[in-house]
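One letter stands for each residue in the lines below.
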Amino acid sequence: MSGDVKNEWPLWEVFVRSKSGLDHKHCGSLHAADPKMAIQMARDVYTRRQEGTSIWVVRSDNIVASDPGEKGEFFDPMEDKVYRHPTFYKLPQEVDHM
Amino acid sequence: MHATSIRVSEDPQVQYLLRIGDTALILAQRLAEWTGHAPVLEEDIALANIGLDLLGQARGVLTRAGELEGQGHDEDQLAFLREERDYRNATIVELPRGDFAFTVVRNTMMATFFKLLWGRLTESSDAEVAAIAAKAIKEARYHQQHSADWVVRLGLGTDESKKRMVNAIDELWRFGAELFASDPVDEAAAKSGLGPRWGDLKTDWSREMDSILSEAQLAVPAESTFMSTGKQGRHSEHMGFILTDMQYLQRAFPGGTW
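Described in the following lines is the structure provided in the data block. This one's a predicted model, so the numbers in the text were calculated from it and none came from an experiment.

**Comments concerning the overall build of chain B**
- Scanning chain B from terminus to terminus reveals 9 helices and 0 strands.
- Against the globule reference of 18 Å for 258 residues, chain B gives a C-alpha radius of gyration of 18 Å, in line with a compact fold.
- On the principal axes, the C-alpha backbone points of chain B span a range of 55 × 40 × 35 Å.
- Sorting the 258 residues of chain B into buried and exposed places 54% on the buried side.
- Counting contacts in chain B only where the partners sit at least 6 residues apart, residues at least 24 apart contribute 81% of the total.
- For chain B, the distance from the average site of its 27 positive side-chain charges to the average site of its 39 negative ones is 2 Å.

Next up, the structure:
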């Protein structure tokens, strides 16, 4: 494997939908030269134990992520707003399993 | 302790299945040699997957060969306790691993061959063989797709990758002829409905290989008169070394299991 970063293939994030699942779940990343290879490699690396029925891949550099440094202002204000959970409503008998 | 060798029936049905099982088995062994050595981690796993698929196919076919033979030989005995001359794989799969280009070209030639063979074997008169084929053809389709992609990438890649592909094709192509040399074993299989004459697959194989190579802008070599003889049990000088590796455990610890 080449140690030269410039020669490395781009990184891809892999999402796999399992047999029972409805949504694709992130399961890891890999290196591949292009989309076609990324799908094949994802198949070989992440679905070899019957994990999947569908695969998505996306170039890692196309993902925009929240800044870990802004975690405080982003997420902490929600801590004391319990009224946003619908636990204060009385549910009618007919509406089961909420 | 030392396990003694077994002898296998010359019955053409058994021989026909041994050719398929042994060809898959020996290629699986060669692919296993890439584990930890492939150019990138992802391809390392991909090659191991292909090898394990082939090993699974070999297990099924060798088991069936043992059942048809009726001497009580199981897959392990057939895989590990024969003498070199009783292995019936085509010579092409026993050639040393080579570089990545060599492996990619060989995998493409063999996956294309196996895909066509399994396709015909799904209609085998032997229900067990047909069932193995129905599963194996899906694997072979993927092996062909994955390997052919690499042929195109490397053929259209750099000067170096192109040079290596040309060399690999040059070395391997003449060993393809043996795959399609039909003989009485093939005739018997065709007659009983067990499977096709391997020679019957040649037209389709050539058409698919031509299409892959032309997409990769690689020349299709002329047919050679060279004919290897692995299917008759006359192997290259490399075969003994593979068997030494493969057979060591079963020879040293007869009947050993996981």
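**A few points about the layout of surface pockets**
- Taken as a whole, the largest pocket holds about 900 Å³ of empty space.
- Forming the walls of the largest pocket are 27 residues, and the residues nearest its centre are Leu 55, Asp 76, Phe 80, Met 246 and Trp 258 of chain B.
- Every element with two or more residues in the lining of the largest pocket is listed here: α1 (12–32), α2 (41–69), α3 (75–80) and α9 (239–252) of chain B.
- Here the lining of the largest pocket gets 8 residues from one element, more than from any other, and that element is α2 of chain B.
- When grouped by side-chain class, the residues that make up the lining of the largest pocket number 17 nonpolar, 6 polar and 4 charged.
- By volume, the second largest pocket is sized at about 700 Å³.
- Lining the second largest pocket are 23 residues, and of these Asn 7 and Trp 9 of chain A together with Pro 39, Val 40 and Trp 150 of chain B sit closest to its centre.
- Contributing elements (two or more residues each) for the lining of the second largest pocket: α2, α4 (100–121), α5 (127–155) and α6 (159–172) of chain B.

**Observations concerning the sheet that holds strand β3 (residues 54–59) of chain A**
Residue and element names in this part refer to chain A.
- Read from one edge of the open sheet, 3 strands run β2-β1-β3, paired in antiparallel fashion. Of all strands in the sheet, those with a lone pairing partner are β2 (25–31) and β3, marking the two edges. Each neighbouring strand pair of the sheet contributes to a mean axis angle of 30°, computed without reference to strand direction.
- The sheet contact formed by strand β1 (residues 11–17) and β2 spans 6 bridges and is antiparallel. Directly across from Val 16, in β2, lies its bridge partner Lys 25.

**Here we look at empty space enclosed by the protein**
Residues and elements named next belong to chain B.
- One pass over the full model with this rule turns up 3 cavities of 30 Å³ or more.
- Here the largest cavity defines a volume of roughly 70 Å³.
- As for the largest cavity, its lining consists of Leu 27, Ile 50, Leu 54, Gln 57, Asn 107, Met 110, Ala 111, Phe 114, Ala 140, His 143 and Ser 147.
- Every element with two or more residues in the lining of the largest cavity is listed here: α2, α4 and α5.
- By residue number, the principal contributor to the lining of the largest cavity is α4, which donates 4 residues.
- Grouping the amino acids of the lining of the largest cavity by side-chain chemistry returns 7 nonpolar, 4 polar and no charged.

**A look at the nonpolar core**
Residue and element names in this part refer to chain B.
- Counting 88 residues, the largest nonpolar core has Tyr 16, Ile 20, Ile 92, Phe 113, Phe 114, Leu 117 and Trp 118 as its most contacted members.
- Ranked by the residues each element gives to this core, the list is headed by α4, at 13 residues.
- Residue contacts for Trp 118: discarding those within four places in its chain leaves Ile 20, Gln 57, Val 61, Ile 132, Ala 133, Ala 136, Ile 137 and Ala 140.

**A closer look at the pattern of salt bridges**
Residues and elements named next belong to chain B.
- Evaluation of the coordinates by the stated rule reveals 24 salt bridges over all chains.
- Across the pair Glu 160 and Lys 163 runs a salt bridge whose closest N-O atoms are separated by 3.5 Å. Taken as a pair, Glu 160 and Lys 163 lie in helix α6 at a separation of 3 residues, close to a single helical turn.
- As a salt-bridge pair, Lys 202 and Glu 223 come within 2.8 Å of each other at their nearest N and O atoms. Of the two residues, Lys 202 sits in helix α8 (residues 202–215) while Glu 223 sits in the loop between α8 and α9, which places them 21 residues apart along the sequence.
- Taking relative accessible area as the criterion, Glu 223 reaches 65% and is therefore assigned exposed.
- In the salt-bridge network here, residues are joined through shared partners; they are Asp 99, Glu 160, Lys 163 and Arg 164.

**Regarding the packing of α5 of chain B against α6 of chain B**
All names here are of chain B.
- The N-to-C vectors of α5 and α6 enclose an angle of 125°; their axes lie 7 Å apart at closest approach. Here α5 lies oblique to α6, going by the angle between them. Counted together, Val 151, Leu 154 and Gly 155 of α5 and Ser 161, Lys 162 and Met 165 of α6 form the full contact between these two elements.
- Across the contact of α5 with α6, the residue classes tally to 3 nonpolar, 2 polar and 1 charged.

**Considering a negative patch on the surface**
- On the surface, Asp 67, Glu 70, Glu 73, Asp 76 and Glu 79 of chain A cluster together into a negatively charged patch.
- Among the secondary structure elements, Glu 70 of chain A is positioned in the loop between β3 and α2 (71–75).

**Some details on the pairing of β1 of chain A**
Residue and element names in this part refer to chain A.
- Of all 7 residues that make up β1, 5 are buried, and the element is covered over most of its length.
- Pairing of β1 with β3 involves 6 bridges; the strand directions are antiparallel. Looking at the pairing, Arg 17 lines up with Ser 54 of β3.

Conventions used here
- Position numbers for residues count from 1 along each chain, tracking the sequence in the order it is written.
- As they are written, the chains are lettered A onward and the ligands numbered 1 onward, keeping that order.
- Totals for whole chains, interfaces and linings use every residue, but because this is a predicted model, local features are given only for residues with pLDDT of at least 70 and side-chain atom pairs only at 80 or more, for both listing and counting.
- Water and hydrogen atoms play no part in the side-chain values, which are based on all heavy atoms of the structure.
- Only DSSP runs of H or I with at least four residues qualify as helices, and only runs of E with at least two residues qualify as strands; both kinds are numbered from the N terminus onward.
- Values of the radius of gyration come from C-alpha atoms, whereas the globule rule sets the reference at 2.2 Å times the count of residues to the power 0.38.
- A simple rule labels every residue: compare its accessible area, found with a 1.4 Å probe on the protein chains alone, to the largest value its type can have, and call it buried under 20%, exposed over 50%, or partly exposed in between.
- The contact criterion used throughout is that any non-hydrogen atoms of two residues lie within 4.5 Å.
- The convention is simple: Lys and Arg are positive, Asp and Glu are negative, and His and the chain ends are not counted.
- By convention, the charge on Lys lies at NZ, on Arg at CZ, on Asp at CG and on Glu at CD.
- Residues are said to line a cavity or pocket when one of their atoms sits within 4 Å of a point; the points come from a 1 Å grid over protein atoms alone, cavities being sets where a 1.4 Å probe fits but cannot get out and pockets being open sets with protein on both sides within 12 Å along at least five of seven lines.
- Grid points are joined across faces, edges and corners, and a volume is the space filled by probe spheres set on the points.
- Three residue categories are used. Nonpolar comprises Ala, Val, Leu, Ile, Met, Phe, Trp, Tyr, Cys and Pro, charged comprises Asp, Glu, Lys and Arg, and polar comprises the others, including Gly.
- Here the rule is simple: two strands pair whenever DSSP picks up at least two bridges between them.
- Fitted lines through C-alpha atoms serve as axes, helices being fitted only where they are in contact, and the angles separating the N-to-C directions of these axes extend from 0 to 180 degrees.
- Remark: nonpolar core denotes a set of buried residues (Ala, Val, Leu, Ile, Met, Phe, Trp, Tyr, Cys) joined through side-chain atoms within 4.5 Å.
- Only one rule defines a salt bridge in this text: a Lys or Arg side-chain nitrogen within 4 Å of an Asp or Glu carboxyl oxygen.
- The cut-offs work like this: below 35 degrees is roughly parallel, past 145 is roughly antiparallel, 65 to 115 is roughly perpendicular, and the gaps in between are oblique.
- Within this analysis, patches are made of residues with over 30% relative accessible area and no salt bridge. Like charges are joined at 9 Å or less; nonpolar side chains (Val, Leu, Ile, Met, Phe, Trp, Tyr) at 5 Å or less.
- Working definition of accessibility: Shrake-Rupley area with a 1.4 Å probe, residue cover restricted to the visible protein chains.

Function-wise, these values are silent; they only describe arrangement.
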